[in-house]
Amino acid sequence: MVKGTSLRGFWSSRLAFVLAVSGSAVGLGNIWRFPFMVGENGGGAFVLFYILCVFAIGLPIMISEVMIGRRGRRNPIATMRIVGEEEGSHAAWSLVGVMGIVAGFLILSFYSVIGAWTIAYLGHSLAGSFSHLPKEEIHDLFEALQANPLKVVVLHTIFMTLTVVIVGRGVERGLEKLVRFLMPALVFLLGLLLVYSIVAADFARGVEFLFRANFDALTPAGMLMAMGQAFFTLSLGMGAIMAYGAYLPEGTSISRTSFAVVVVDTMIAIVSGLIIFPIVFASGLDPAQGPGLLFETLPLAFGSMPWGWLLGPLFFALLLFAAWTSAIGLLEPAVAWSVESHGLSRRSVAIVIGVLIWALGLLTVFSFNLLADVRIFGGTLFDNIDHLASNVLLPLGGLLITVFGGWVMCKNSSADELDIGTGPAYRTWRFLARWVAPLSVLLVFLHAAGILSALGLV
Ligand code: TRP
């Protein structure tokens, strides 16, 4: 995979690329963030809008991002500059890469804290703490963790260290092998949990909540969150996928590869919802309880299911691993850029950037305890960091990337890079990338800002 120097090796195969990109895409976004977002935004209509965003906006942008990455074959900032100049456009396009690095910073800062929660729950499950606990005590377990910021800081430090070590050494083949084995294991375990939710929880109500669309429950802010979730879960809009595209060999189909990743990622999110909401309804929990949702539902299942003592630790270990591979993808662009453009040592750069992100992460740790009362725009510091990165910077970055792929890059370049001829498949992508994706992002932005309703358009 990614080598320690700026010399770019190629992925050993298309499968390796798919695994790396899905390793980055599948993470806490699917299993932790998607369900709690769905719960906070009333269910079905949010899910439907999210799926629409994934395919109408996410897929064409992912294709654009991989395509630009393969054309430029450098870190996102240099790639945008070089391909931009090649197309006779402005070097200022490299600012998209800069914005992406900022977004990655912000996301990793809170991502690592949720990684820390995951480590704490791995510990609980190993100690057998869930066994036959009623929901009140499962709730207390979560509260107790949040009431102990020191513990969360220590675990946050461990998670960031694990990430920095891998990125600092240069992501190696060992990880690729691990992803190959552990991703299917995670999918298998999710399958088992799904069986539990079908037979032992309120599956019917879970399905109804997830798929019965009540559009009155979907606010403009909720639509923005659904779009933000589509970008977040696919790792789009910040140059991360561009960085992976840089390693993709010629002759690999970008469109088919992207489609596979998008479908797998979406299925994992939906299955997570199908696991969590039946437990929520069977236990009379609140679907809209926020970021703690995953941690207050699954332990109930592990505490009461046969083999729960074994499946619990396995699940949290695999979730931790999925979070870790995503965290590596979040840190890599900033480090690759510093190494390639300033010739600094990869190891020291990874450490310095890691420490900065770690420090920013303290704001998220304290958003759930010491600073819980600090509110900006009605949300905690964590809410604001997440909102700025996921709902503003990622869609904005994605908008610029698809405008670049669809408008700045000429037809010859994109057709040449995508290598699917200029038939219906190419024309569909180009139409989505030029018109549908950018205009949809713009409309959702305007709608969330209240501008469409102020103009009397909706
Ligand atoms: N997609 C990851 C998840 O769902 C999170 C993420 C967002 C990410 N942007 C990224 C991961 C960039 C790697 C690179 O958990």
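Residues numbered from 1 in each chain as written. Predicted model: local features only at pLDDT ≥ 70, side-chain atom pairs only at ≥ 80, totals over all residues. Heavy atoms only, no water.

Side note on the site of the ligand
Okay, step 1: The ligand sits among 15 residues. The nearest are Ala25, Gly29, Tyr111, Phe232 and Ser235.
Okay, step 2: Taking Phe232, its main chain carries an N or O atom lying 2.8 Å from a nitrogen atom of the ligand.
Okay, step 3: At 3.0 Å, a side-chain N or O of Ser235 approaches a nitrogen atom of the ligand.
Okay, step 4: Against a free-state accessible area of 360 Å², the protein chains account for coverage of 100% of the ligand.
Okay, step 5: More than half of the atoms of the ligand fall within 2 Å of the grid points belonging to the largest cavity.
Okay, step 6: If you list the elements that add at least two residues to the shell around the ligand, you get helix H1 (14-25), helix H2 (28-40), helix H10 (220-233) and helix H14 (308-342).
Okay, step 7: A class-by-class count of the residues in the shell around the ligand yields seven nonpolar, eight polar and no charged. (Near = heavy atom within 4 Å. Polar contact = N/O pair within 3.5 Å; in protein donor to acceptor, adjacent residues only side chain to side chain. Areas by Shrake-Rupley, 256 points an atom, 1.4 Å probe, with all protein chains shown as cover. 1 Å grid on protein atoms, 1.4 Å probe; cavity = no way out; pocket = protein on both sides within 12 Å on 5 of 7 lines; lining within 4 Å. Sits in = over half its atoms within 2 Å of the grid points. Helix = DSSP H or I, 4+ residues; strand = E, 2+ residues; numbered from the N terminus. Nonpolar A, V, L, I, M, F, W, Y, C, P; charged D, E, K, R; others polar.)

Section: the pattern of salt bridges
Okay, step 1: In total, this model carries eight salt bridges according to the counting rule given.
Okay, step 2: Between Glu208 and Arg212 there is a salt bridge, with the nearest N and O atoms lying 3.0 Å from each other.
Okay, step 3: Residue classification places Arg212 among the exposed residues on the basis of a relative accessible area of 57%.
Okay, step 4: Here the salt bridges share partners, and the residues they tie into one network are Arg70, Arg71, Glu86, Asp416 and Glu417. (Salt bridge = Lys/Arg side-chain N within 4 Å of Asp/Glu carboxyl O. Buried < 20%, exposed > 50% of the residue type's maximum accessible area, 1.4 Å probe, protein only.)

Some details on a nonpolar patch on the surface
Okay, step 1: On the surface, Trp407, Phe431, Trp435, Leu439, Leu442, Leu443, Leu446, Ile451, Leu455, Leu457 and Val458 cluster together to form a nonpolar patch covering roughly 1100 Å² of accessible area.
Okay, step 2: It is helix H18 (residues 424-448) that provides the largest number of residues to the nonpolar patch, a total of six residues.
Okay, step 3: Mapped onto the secondary structure, Trp435 falls in helix H18. (Patch = residues over 30% accessible without salt bridge, like charges linked within 9 Å, V, L, I, M, F, W, Y side chains within 5 Å.)

Brief notes about the packing of aromatic side chains
Okay, step 1: Inspection of the entire model under this criterion finds 26 aromatic pairs.
Okay, step 2: For the ring pair Tyr111 and Phe232, a centre distance of 6.2 Å and an interplane angle of 35° mean the geometry is tilted. Here the residue Tyr111 occupies a position in helix H5 (residues 94-126), and Phe232 occupies one in helix H10, the gap between them amounting to 121 residues.
Okay, step 3: Owing to a relative accessible area of 4%, Tyr111 belongs among the buried residues under this scheme.
Okay, step 4: Over the face of the ring belonging to Phe232 we find Arg33, whose NZ or CZ atom lies 4.6 Å from the ring centre. (Phe/Tyr/Trp six-rings, centres within 6.5 Å; stacked < 30°, edge-to-face > 60°. Lys NZ or Arg CZ within 6 Å of the ring centre and 35° of its normal.)

Some points on empty space enclosed by the protein
Okay, step 1: As enumerated under the stated definition, the model contains four cavities of 30 Å³ or more in all.
Okay, step 2: Empty space within the largest cavity amounts to approximately 160 Å³.
Okay, step 3: Surrounding the largest cavity, 17 residues form its lining, Ser24, Phe232, Ser235, Ser326 and Leu330 being those nearest its centre.
Okay, step 4: At the level of elements, H1, H5, H10 and H14 are the ones that each hand at least two residues to the lining of the largest cavity.
Okay, step 5: Among the residues making up the lining of the largest cavity, the classes are represented as ten nonpolar, seven polar and no charged. (Points joined across faces, edges and corners; volume = space filled by probe spheres on them.)

Quick word on H14
Okay, step 1: Spanning 35 residues, H14 covers 50 Å between terminal C-alpha atoms, matching the ideal 51 Å at 1.5 Å per step.
Okay, step 2: At Glu332, H14 shows its largest kink, close to 35°, and the proline Pro333 lies no more than four residues downstream.
Okay, step 3: Counting buried positions over the 35 residues of H14 gives 27, a clear majority of the element.
Okay, step 4: Just beyond H14, the residue with positive phi is Gly343, at close to 60°. (Expected span 1.5 Å × (residues − 1). Bend = angle between axes of the 7 residues up to and from the residue.)

Let's talk about the packing of H5 against helix H15 (residues 346-367)
Okay, step 1: Across the interface, H5 lies against H15 with an axial gap of 8 Å and an inter-helix angle of 65°. Considering how the two elements wind past one another, H5 and H15 form a crossing that is right-handed. On the side of H5, the interface is formed by Phe105, Leu106, Leu108, Ser109, Phe110 and Val113, while H15 contributes Ile353, Leu356, Ile357, Leu360, Gly361, Thr364 and Val365.
Okay, step 2: Classifying every residue of the contact of H5 with H15 gives ten nonpolar, three polar and no charged. (Axes fitted to C-alpha atoms, helices over the stretch in contact; angles between N-to-C directions. Left-handed = near helix turned anticlockwise from the far one by under 90°. Contact = heavy atoms within 4.5 Å.)

Remarks on the layout of surface pockets
Okay, step 1: The space that makes up the largest pocket amounts to roughly 440 Å³.
Okay, step 2: Of all the elements in the fold, those that place two or more residues in the lining of the largest pocket are H2, H10 and helix H16 (381-408).
Okay, step 3: Element by element, the count of residues in the lining of the largest pocket is highest for H16, at six residues.
Okay, step 4: Grouping the amino acids of the lining of the largest pocket by side-chain chemistry returns eleven nonpolar, nine polar and five charged.

Looking at the environment of Trp407
Okay, step 1: Relative to the helices and strands, Trp407 is located in helix H16.
Okay, step 2: Separated by 26 residues in the primary sequence, Trp407 and Ala433 place their C-alpha atoms 8.7 Å from one another.
Okay, step 3: Dropping the residues within four chain positions of it, Trp407 is found in contact with Thr402, Arg434 and Trp435.
Okay, step 4: Among the polar contacts made by the side chain of Trp407, one reaches the main-chain carbonyl oxygen of Arg434 at a distance of 3.0 Å.

Let's talk about the confidence of the model for the protein chain
Okay, step 1: Taken as a whole, the protein chain shows an average pLDDT of 93; of its residues, 96% reach a score of 70 or greater.
Okay, step 2: Confidence drops under pLDDT 50 across residues 1-8; counting only partners more than four residues distant or on other chains, this segment forms 25 contacts. (pLDDT = per-residue confidence, 0-100.)

With respect to the nonpolar core
Okay, step 1: Counting 155 residues, the largest nonpolar core has Trp32 and Phe315 as its most contacted members.
Okay, step 2: Those residues in contact with Phe315 that sit more than four places away from it in its chain are Ile31, Leu189, Leu190, Leu193, Leu298 and Phe302. (Core = buried A, V, L, I, M, F, W, Y, C linked by side-chain atoms within 4.5 Å.)

Some details on the side chain of Ser197
Okay, step 1: Topologically, Ser197 is positioned in helix H8 (residues 173-200).
Okay, step 2: Those residues within four positions of Ser197 in sequence are excluded, and the remaining contacts are Asp202, Phe203, Leu274, Ile275, Pro278 and Ile279.

What to know about a negative patch on the surface
Okay, step 1: A surface patch of like charges, here negative, comprises Glu136, Glu137, Asp140 and Glu143.
Okay, step 2: You can see Asp140 is positioned in helix H6 (residues 135-146). (Lys, Arg positive; Asp, Glu negative; His and termini not counted. Charge placed at Lys NZ, Arg CZ, Asp CG, Glu CD.)

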